[in-house]
Amino acid sequence: RLLKAVNLGMNYQDKNNWDGRPNIPPPPPKLVKNTLNGNGYVRKKNNDRPSIVVKDKKEHEQQQQVKVVSLPKDDVIDKNDKSETDFDPIRNNNAAADDNDEEDDESTDGNDDTDDDDNNNDTDDNEEESSVDEVPTPVWHMASDPDDSFERIFLTPEQKPKYKHFRDLGKGGPVNKGKGIKHFFNPICRHYRFDESRLPTVSVVITTQNEPDNWISITVESILARTPPNLLVDVIVVDDNGIPGHHGLPSNIRKNVDEAEWDYLKSLSPKVKVIQHDNREGCARSRLTGAKAATGEVLMFVDSHIEMESSTWYHHLAIPIVENPQTITMQTIDVIDDLGTKDYGAGAGPLQYGVVNDQFWFSYQVDRFGDYMEPLDPKDFTEEELAERRGFKYNAESPHLREPYETPFGPGSLFAIRRDEFWRLGGYDEGLYVWGGENTEMAFKMWMCGGRMLMVPCSRVGHMYRQHKEKDGRGALTRWPPTLPQEMTDRLGCAYKNETYTGRFIVLRHPADNFTRITTRNNLRIMETYVGDHPAKLAYYKRMFGQEKLMPEFQRFIDEWKVDPAAQKQVSLMKKNKCHDFEWWDKYVFMRLTGRHHPWHPHNGKYKQVNCGNHKAKTCQLCPQGNGRDWCNGDCSWCATSSKCFPAEELTQKCMKAPKKAALEASMKAVIEAANMQKEKAGGIHLPPRERVKLPESMKDKPILTISVVLPCGFEHDYFIRTAESVFYETPAEVLKEIVIVDDASAPPLEQSWSEAAAAEFGVKYIRLNEPAGLIGAKQAGAEAATGDIIVFFDCHVKPDIDYWVPYVREISENYKRAVIPVITVLNVDTWTQPHRPAKGSGMSKCYLTFDAE
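## With respect to the overall build of the chain
Then, in step 1: Scanning the chain from terminus to terminus reveals 23 helices and 27 strands.
Then, in step 2: Looking at the chain as a whole, 49% of its 854 residues are labelled buried.
Then, in step 3: In the chain, of all internal contacts separated by at least 6 residues, the share reaching a separation of at least 24 is 75%.
Then, in step 4: As displayed, the chain offers around 42000 Å² of accessible surface, 52% of which is attributable to carbon and sulfur atoms.

Right, dumping it as structure tokens:
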């Protein structure tokens, strides 16, 4: 009990292997400014503690092998006292603690006999003079009954009418189809109970830029109404729009802002402070502005389009910080519609780990170790051992549904951190402008410098992602990315053109817009500071720019970083805080928490996918999926001479130069003929002839709608033939009006594989597009040529099932404003059969979906 009472550091069992990570020194015992100690407890005042009498204090200390830290009689520090620097007051208290120890030793040495006599005399009468503390009480506990945290608000009857935009998120509200917000939470979250007198105070920093639709008011009102007033010190709103006409900013830079909203916010509470930037500064710099004005012990950074969902959102974030002051805690996000209704979706879904991809952008990972497999060398195992090991599956680990869990990265906002810890880490790099990089920078320095990052499932927040464009009376609202003033892009060397040519700025093999240039600039700064000379940096360069050597337009950002005081300040703080390097972070943070190495690690090839434009594939060869060059883009490029898809960086080596037109046509014709001969030997490119299905007798005397089947095809060759024949055989003559095959600029034309005359026998008519129109354009062309009552769109590699057409005709006859979608199974294109097809009578074989326009 005594050991627990005086150990003020974080709980740990093995100082050489703290938190499972070797070579990490445990935090030293420390007294924090708000009287919180490091293991989740808060010391009471000395005069409130029951006494435990110790006859010989020196002997007692030796037995316990710890040093007793004596506290002053009143150890509550005035939270408004600003005499101490913002930097590291936690650790500055260690010196004071050492001085107290020396005084205790001197007092004990000089009065051994007296103390012994006094203790004997006072044993029964005066136990309150003991210097040993009572074991503290936890700051939180679990109760058997749920609380009212989803309904509770901290507004008086006089205040509530003033809150024009505050929303009831309970039953019948705009959440979860009227079921209420509590359905998003793990029910056990309502069983927590907190001692608010022992939690640190909080300042909420809101950064905003050109925010429409009263979102700032919704944000501020939800914070004021759902945060205990005794914990909430201030709400600081930083307006980062800038002033029109200043610094070359355009006159319409504030077109979406309701200027009267600022006075309205300040009228809600004296705790609301509004700071307006004269120039556009960006996300990180705006948060720094708010952090400098904050006075709470904890900083909470949020966006200006969020809504707090419960009255204990802050309590759950604060507890891990109480347990370990070197902690960032992050909220779980629920999505709010951005197109005017402001309704909630279905919640965040499965909890996930925050990671970064190989483009250094934040993303999520569902679980860890589920796809992990150690490399196997066949020379080391017998065939039986190899089969056994390859069949072994690692158990996937998912985040905890209630308790906070560690994550390598988190989103850029919606997180809490102690104010002194924020400044110990150096805040944000002041050279990060606009958006991007601030979340990865904060995560790197927190983990590398001895801290941790936690996602907190019981603290949830609604967040509106600005991902659409909406037209209203103000014109088009560009939600995201934001429009950037030319003054800013010129100042940062990211403009398309100015007095000095700044380069082409090719990112991922495409010209980068201004927004991409600035975010790439931010990422390059973070790479230099926290990745350094690790090979991962050059791998990142190759991924983004196609080569390890930077082009001059990007090298200038590195040259700027080398002499920029803001960047070098971060480098100095990394040394001062004795932070670990990127190799350590990969081994003891990223690999431990995700089951993978960093995105640029050579071992990650088994997870790698290529970006084919709007979809992904394991390799570029798998990108086209039968659609030829239209589906070969992104990380891949199409070779016209061989009709193959190659990695873009390998195209020049693997794609032969185009021969003359006549030679190319002859070559392609020979390839087709050879392929057709091979198919004939293997069973033919055509299906075996069979009898066509007949119209059921029950339908013969009734009017029936006809069908035109449209097949948009590109580079399909024999697949489109089998598809058309399957449609022909499975559709009665009275129903099938025609099969429209749209040849989307295939080379050579599809008609060379199946002549027009031969195809016409199966009800086929060709539409040839000399220039590729893509999937949608080809569908449009086919629809315009169709003459049936119903248009059925199929891919060119499908096999329709028996009676596939019946639901189409029946459902659309019932309501002509109806779309009918069949269920999709797997087709083996070599055998033209459906493996794993649902059994007859299971119900799935006749399954379809319908959508009515009404």
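## Re helix α14 (residues 535–545)
Then, in step 1: Those residues of α14 that sit buried are Ala536, Lys537, Tyr540, Tyr541, Arg543, Met544 and Phe545. Each buried residue of α14 lies within a common arc of 165° when the element is viewed along its axis, so the set occupies one face.
Then, in step 2: The elements touched by buried residues of α14 are β16 (506–507), α13 (514–531), α15 (552–563) and α17 (582–594).
Then, in step 3: Downstream of α14 by one or two residues, Gly546 has phi in the positive range, about 80°.

## So, the confidence of the model for the chain
Then, in step 1: The share of residues in the chain with pLDDT of 70 or more is 72%, and the mean pLDDT across the chain is 77.
Then, in step 2: Below a pLDDT of 50 lies the segment residues 470–478, which in the model reaches 20 contacts outside its immediate sequence neighbourhood of four places, other chains included.
Then, in step 3: A low-confidence stretch, residues 841–847 (pLDDT under 50), is modelled with 11 contacts involving residues beyond four sequence positions or located in other chains.

## Quick word on the side chain of Ser708
Then, in step 1: You can see Ser708 is positioned in strand β22 (residues 707–713).
Then, in step 2: Overall, Ser708 belongs to the buried group, its relative accessible area being 0%.
Then, in step 3: Non-local contacts of Ser708, meaning those with residues more than four positions away in its chain, are made with Lys737, Glu738, Ala786, Thr787, Gly788, Ile790, Ile791 and Val792.

## Considering the packing of α13 against α15
Then, in step 1: At a minimum axis distance of 10 Å, the contact between α13 and α15 shows a crossing angle of 50°. Here α13 is positioned oblique relative to α15, judged by the angle of their axes. Crossing handedness for the pair α13 and α15: right-handed. Residues Arg517, Thr520, Arg521, Leu524, Arg525, Glu528 and Thr529 of α13 lie in contact with α15, whose contacting residues are Phe554, Phe557, Ile558, Glu560 and Trp561.
Then, in step 2: A per-class count over the contact of α13 with α15 returns 5 nonpolar, 2 polar and 5 charged.

## Thoughts on the sheet that holds strand β23 (residues 736–744)
Then, in step 1: Taken in spatial order, the 4 strands of this open sheet run β24-β23-β22-β25, and their pairing is parallel. Sheet topology places β24 (764–769) and β25 (790–793) at the edges, where each strand pairs with a single neighbour. Across the sheet, the mean angle separating the axes of adjacent strands is 25° when strand polarity is ignored.
Then, in step 2: Of the strand pairs in this sheet, β22 and β23 are connected by 7 bridges, and their pairing is parallel. Bridging across to β23, Cys713 finds its partner in Asp743.

## Let's talk about the environment of Ala443
Then, in step 1: Tracing the backbone through its elements, the reader meets Ala443 in helix α11 (residues 438–448).
Then, in step 2: Judged by its relative accessible area of 0%, Ala443 falls in the buried class.
Then, in step 3: Leaving out residues up to four positions away in the same chain, Ala443 has contacts with Pro408, Phe409 and Met453.

## Some words on the pattern of salt bridges
Then, in step 1: The final tally for this structure, using the stated rule, is 35 salt bridges.
Then, in step 2: When the shortest N-O distance is used, the salt bridge between Lys445 and Glu441 registers 3.4 Å. With Lys445 and Glu441 both in helix α11 and 4 residues apart, the pair spans about one turn of that helix.
Then, in step 3: Among the residues examined, Lys445 registers a relative accessible area of 1% and is labelled buried.
Then, in step 4: One connected set of salt bridges, linked through shared partners, spans Asp429, Arg521, Arg525, Glu560 and Asp564.

## Quick look at the packing of α13 against α14
Then, in step 1: Two elements in contact, α13 and α14, have axes separated by 10 Å at closest approach and are oriented at 165°. Taken together, the axes of α13 and α14 are roughly antiparallel relative to one another. When you trace α13 past α14, the crossing you get is left-handed. Mapping the contact onto sequence places Thr520, Asn523, Leu524, Met527, Glu528 and Val531 in α13 and Ala536, Lys537, Tyr540, Tyr541 and Phe545 in α14.

## Quick look at the side chain of Gln570
Then, in step 1: Summarising the element assignment, Gln570 is placed in helix α16 (residues 565–576).
Then, in step 2: Residue class for Gln570 comes out buried when judged on its relative accessible area of 2%.
Then, in step 3: In this structure the side chain of Gln570 is engaged in a polar contact, spanning 3.1 Å, whose partner is the backbone oxygen of Gly426.
Then, in step 4: Ignoring anything within four residues of it in the chain, the contact list for Gln570 reads Leu425, Gly426, Tyr428, Asp429, Glu441, Lys445, Thr529 and Tyr530.

## Examining the environment of Lys616
Then, in step 1: Note on placement: Lys616 falls in strand β19 (residues 616–617).
Then, in step 2: Through-space distance from the C-alpha of Lys616 to that of Asp635 is 9.5 Å; in sequence the pair is 19 residues apart.
Then, in step 3: Residues contacting Lys616, with those up to four places away along its chain left out, are Gln609, Val610 and Asn611.

## Focus on the state of the cysteines
Put plainly, two cysteines are in a disulfide when a covalent bond ties their sulfur atoms together.
Then, in step 1: Tallied over the full model, the rule gives 7 disulfides.
Then, in step 2: Cys639 shares a disulfide with Cys655; S-S distance 1.9 Å. Taking the sign of the S-S torsion, about 75° here, the bridge from Cys639 to Cys655 comes out right-handed. A residue pair is termed long-range when its members are at least 10 positions apart, and Cys639 in strand β20 (residues 636–639) and Cys655 in the loop between α18 (651–654) and α19 (661–681) qualify at 16 residues.

## A short note on the environment of Trp215
Then, in step 1: Position of Trp215 relative to the elements: it lies in helix α5 (residues 215–225).
Then, in step 2: In this structure, the C-alpha to C-alpha distance between Trp215 and Glu307, residues 92 residues apart in sequence, is 9.1 Å.
Then, in step 3: In contact with Trp215, not counting residues within four places along its chain, are Glu261, Ser304, His305, Ile306, Ile336, Asp337, Lys342 and Met464.

## What about the nonpolar core?
Then, in step 1: In this structure, Ile417, Phe422, Phe444 and Trp585 are the most contacted members of the largest nonpolar core, which totals 69 residues.
Then, in step 2: If you look at the next biggest cluster of nonpolar residues, it comprises 40 residues, including Tyr163, Leu199, Ile223 and Val235.

## A word on a negative patch on the surface
Then, in step 1: Taken together, the side chains of Glu383, Glu384, Glu385 and Glu388 make up a negatively charged region of the molecular surface.
Then, in step 2: Considering the arrangement of structural elements, one finds Glu383 in helix α9 (residues 383–390).

## A closer look at unusual backbone geometry
Then, in step 1: Here Ala747 and Pro748 are connected by a cis peptide whose omega angle stands at -5°.
Then, in step 2: As for its position among the elements, Pro748 is in the loop between β23 and α21 (756–760).

## Observations regarding the packing of aromatic side chains
Then, in step 1: Applying the stated rule across the entire model yields 41 aromatic pairs.
Then, in step 2: Their ring planes at 40° and their centres at 5.2 Å tell us that Phe301 and Phe415 sit as a pair that is tilted. Here Phe415 lies in strand β12 (residues 415–418) and Phe301 lies in strand β6 (residues 298–303), a separation of 114 residues in the sequence.
Then, in step 3: When its relative accessible area of 0% is taken as the criterion, Phe301 is described as buried.
Then, in step 4: Overall, Phe415 belongs to the buried group, its relative accessible area being 4%.
Then, in step 5: Aromatic pair Phe301 and Tyr428: ring centres 6.3 Å apart, planes at 70°, arrangement edge-to-face. Placement of Phe301 in strand β6 and of Tyr428 in the loop between α10 (419–424) and α11 is noted, with a sequence separation of 127 residues between them.

Rules used in this analysis
- Residues numbered from 1 in each chain as written.
- Predicted model: local features only at pLDDT ≥ 70, side-chain atom pairs only at ≥ 80, totals over all residues.
- Heavy atoms only, no water.
- Helix = DSSP H or I, 4+ residues; strand = E, 2+ residues; numbered from the N terminus.
- Buried < 20%, exposed > 50% of the residue type's maximum accessible area, 1.4 Å probe, protein only.
- Contact = heavy atoms within 4.5 Å.
- Areas by Shrake-Rupley, 256 points an atom, 1.4 Å probe, with all protein chains shown as cover.
- Arc of directions from axis to C-beta.
- pLDDT = per-residue confidence, 0-100.
- Axes fitted to C-alpha atoms, helices over the stretch in contact; angles between N-to-C directions.
- Parallel < 35°, antiparallel > 145°, perpendicular 65-115°, else oblique.
- Left-handed = near helix turned anticlockwise from the far one by under 90°.
- Nonpolar A, V, L, I, M, F, W, Y, C, P; charged D, E, K, R; others polar.
- Pairing = 2+ DSSP bridges.
- Salt bridge = Lys/Arg side-chain N within 4 Å of Asp/Glu carboxyl O.
- Polar contact = N/O pair within 3.5 Å; in protein donor to acceptor, adjacent residues only side chain to side chain.
- Disulfide = S-S within 2.5 Å.
- Core = buried A, V, L, I, M, F, W, Y, C linked by side-chain atoms within 4.5 Å.
- Patch = residues over 30% accessible without salt bridge, like charges linked within 9 Å, V, L, I, M, F, W, Y side chains within 5 Å.
- Lys, Arg positive; Asp, Glu negative; His and termini not counted.
- Charge placed at Lys NZ, Arg CZ, Asp CG, Glu CD.
- Phe/Tyr/Trp six-rings, centres within 6.5 Å; stacked < 30°, edge-to-face > 60°.

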